[in-house]
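Structural description and commentary
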Amino acid sequence: MVALSRIFQLILALSVLIVIHETGHFFFARIFGIRVDKFFLFFDVGGVKLFSTRTTKWFTRLFPKMKDSETEYGIGWLPLGGYCKINGMIDESFDLEMMNTEPKPWEFRSRPAWQRLAVMLGGVLFNLLFAIVIYIFMLGIWGSEYISNEGSRIYVNELAYDMGFRTGDHIISFDDYEPEDFGGLQADLARRNVRIAKVLRDADTVEIYIDRNMIGQVLESPGMFSLALPFVIDSLSAGSVNADAGLARGDRVIAIDSAGVSFIQDAWKVLGEKMGSIINAEIVRDGDTLSRKLQVDSAGHIGVILQVPGLQRRDYTAIEAIPAGVKYTFSTVTGYLRDLKLVATPSTGAYKSVGSFVAIGQAMPAKWNWLVFINILALLSIMLGVMNLLPIPALDGGHAAILLYEILTGKKPGDRFLLAAQAVGMILILMLMILAFGNDIGRLLR
């Protein structure tokens, strides 16, 4: 069921983003009077269509005029993307027959370069606008919440330990950058080309020299820096098994059956071995050390809610959410551009973290969650927009680069050059897809 839920969410997310992106191209094409031949979700390879406004009988009976529309709308059978076929444009269809005829006024190739550039960038623009709308919506309804890095300490995994970090360290800076958001520490370490991390360890300031050859591992090792959370009780959970155990707000558990637990992560390990039993917990309250007998339930919990230090929350009015959503979108764009820079730097090994639809599907929540889903949707919309801006022929960015050359020089590249560039671009994209699928298969096997 979990796999089916994730597959459904993946297909839904990709479908929404494809329609948004292609609508951007369609919108600007129609503004400038350029004819659009086809608008398809998924690919109708071999002419096989799950739905078409021209060939699906039940639809043509209900809406007979759509059969004669200049644009065919439909759904293909291969769920690897979608397309908007613009009349008179050299694209992945490699339609050579059309190029052998005289240009018509309604064709893409007949329009001024600046209009063709607007059509090509329309998909990226709509992706970014879609992300902005989602973030405005999220901030306006749920606000923002993050854990401040100020005063927070890290709980490290094996990779972080190998790099020189220790549980209990407080990260002061990465080179000259002083991080504010604790949750962004690992991303900051990877993206900012960090050479020296400065940490506060006990009462000493320690400098850790970062091996950039390990950055690829950083990208593939989630949870490098967990919040080292002291086991301080905030309240009892509903129906707590220890409702009558005499626990109070502010109690700090320091030991369980004589085993020291400096942080909640230490306690999890001990409680996991005590499921369904009674434990003796040492608790510090107002400077005094007390002993309490506590019940551990069958899940390894004692029925308490912990205090989370450094938790920062902000609510936004409808007006305040607009600039905040725009700012958050472009902050995310900047972070993703840094990720791409890492991938393009072979020495970091970051290319090994590139993933395909499999990786995206695994990022989907196991159970439906609107907030998580639309957050992932906004991030994927940004990723789709930024990826399409890369100056690779066959991508929007490649077409845009050629059009910018035409605008600046006044020279229009010939059809043969455009066909060759499109072919090269398709090969590069195919190689990238092979790399992504290969990485995903390798991760599954491991």
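Above this note sits the structure.
Here the structure is a predicted model, which is why all the values come from computation and not from measurement.

Helix and strand content of the protein: 13 helices and 17 strands. Viewed in the frame of its principal axes, the protein has a C-alpha envelope of about 90 × 55 × 50 Å. Counting the 446 residues in the protein, one finds 43% classified as buried. Expressed as a percentage of contacts within the protein between residues at least 6 apart in sequence, the contacts between residues at least 24 apart total 68%. Distance between charge centroids for the protein: 8 Å, based on 42 positive and 45 negative side chains.

What follows covers helix α8 (residues 264-271). For α8, the buried fraction is high: six of the eight residues fall into the buried class. Residues of α8 that are buried include every one of I264, Q265, D266, A267, V270 and L271, and no others. Lining the buried residues of α8 we find β6 (154-156), β10 (225-227), β12 (252-256), β13 (259-260), β14 (278-285) and β16 (304-306).

Let us now look at unusual backbone geometry. Notably, D175 is not glycine yet its phi reads approximately 55°, a positive angle. Residue position: D175 is located in the loop between β7 (170-174) and α6 (185-191). In this structure, D202 is a non-glycine residue whose phi angle is positive, near 55°. Assessed through its relative accessible area of 73%, D202 is described here as exposed.

Moving on, we get to the pairing of strand β3 (residues 72-76). Residues of β3 alternate between two faces, with E72, G74 and G76 buried on one and Y73 and I75 left unburied on the opposite face. In this structure, strand β1 (residues 36-43) lies alongside β3, joined through four bridges in parallel fashion. Of the residues in β3, the one forming a bridge with F39 is Y73.

As a working rule, side chains carrying opposite charge can pair if their charged atoms are close by. Evaluated as defined, the whole model comprises 14 salt bridges. Measuring nitrogen to oxygen at the nearest pair gives 2.7 Å for the salt bridge that ties K38 to D44. When sorted by exposure, K38 lands in the same class as D44, which is buried. Linked by salt bridges that have partners in common, R30, R35 and E70 make up one network.

Glancing now at the sheet that holds strand β9 (residues 204-209). With antiparallel pairing, three strands are arranged side by side in an open sheet as β7-β8-β9. Lying at the two open borders of the sheet, with one neighbouring strand each, are β7 and β9. For this sheet, the mean inter-axis angle between neighbouring strands, taken without regard to orientation, is 25°. As paired elements, β7 and strand β8 (residues 196-201) share four bridges and run antiparallel to each other. Looking at the pairing, I171 lines up with V199 of β8.

Looking now at the environment of G74. Positionally, G74 belongs in strand β3. A C-alpha to C-alpha distance of 8.6 Å links G74 and R54, two positions 20 residues apart in sequence.

Examined against the element boundaries, N157 turns out to sit in the loop between β6 and α5 (158-163). In this structure the side chain of N157 is engaged in a polar contact, spanning 3.0 Å, whose partner is the backbone nitrogen of A160.

Glancing now at helix α11 (residues 370-388). For α11, which comprises 19 residues, the first-to-last C-alpha distance of 27 Å matches the rise-based estimate of 27 Å (1.5 Å per residue) to within 8%. Listed as buried for α11 are F373, I374, I376, L377, A378, L380, S381, I382, G385, V386 and N388. Sitting at the amino-terminal end of α11 is N369, which places a side-chain oxygen 3.0 Å from the backbone nitrogen of L371.

Remark on secondary structure: sheet strands pair via backbone hydrogen bonds, oriented parallel or antiparallel. If you trace the four strands from one edge of the open sheet to the other, you get β2-β3-β1-β4, paired in mixed fashion. The strands lining the two open edges of the sheet, one partner per strand, are β2 (49-52) and β4 (78-86). With direction set aside, neighbouring strand axes in the sheet form an average angle of 15°. The pairing of β2 with β3 spans three bridges and is antiparallel. Opposite K49, over in β3, you have G76 as the bridge partner. Sitting on the sheet, helix α1 (residues 2-31) is in contact with β1, β3 and β4, with an inclination near 170° to β1.

Next up on the list: the packing of aromatic side chains. Geometrically, a pair of aromatic rings is defined through the distance of the ring centres and the angle of the planes. Counting across every chain of the model gives 21 aromatic pairs. Summarising the aromatic geometry, the rings of F27 and F28 are spaced 5.3 Å apart at their centres and angled 90° between planes, so their arrangement reads as edge-to-face. With a centroid separation of 5.4 Å and 80° between ring planes, the pair formed by F32 and W114 is classed as edge-to-face. Residue F32 is found in the loop between α1 and β1, and its partner W114 is found in helix α4 (residues 113-142); the two are separated by 82 residues along the sequence. A cation over an aromatic ring shows up here: R35 above the ring of W106, its NZ or CZ 4.3 Å from the ring centre. Taking the ring centre of F40 as reference, the NZ or CZ of K38 above it sits at 4.9 Å.

Analysis parameters
Residues numbered from 1 in each chain as written. Predicted model: local features only at pLDDT ≥ 70, side-chain atom pairs only at ≥ 80, totals over all residues. Heavy atoms only, no water. Helix = DSSP H or I, 4+ residues; strand = E, 2+ residues; numbered from the N terminus. Buried < 20%, exposed > 50% of the residue type's maximum accessible area, 1.4 Å probe, protein only. Contact = heavy atoms within 4.5 Å. Lys, Arg positive; Asp, Glu negative; His and termini not counted. Charge placed at Lys NZ, Arg CZ, Asp CG, Glu CD. Pairing = 2+ DSSP bridges. Salt bridge = Lys/Arg side-chain N within 4 Å of Asp/Glu carboxyl O. Axes fitted to C-alpha atoms, helices over the stretch in contact; angles between N-to-C directions. Polar contact = N/O pair within 3.5 Å; in protein donor to acceptor, adjacent residues only side chain to side chain. Expected span 1.5 Å × (residues − 1). Phe/Tyr/Trp six-rings, centres within 6.5 Å; stacked < 30°, edge-to-face > 60°. Lys NZ or Arg CZ within 6 Å of the ring centre and 35° of its normal.

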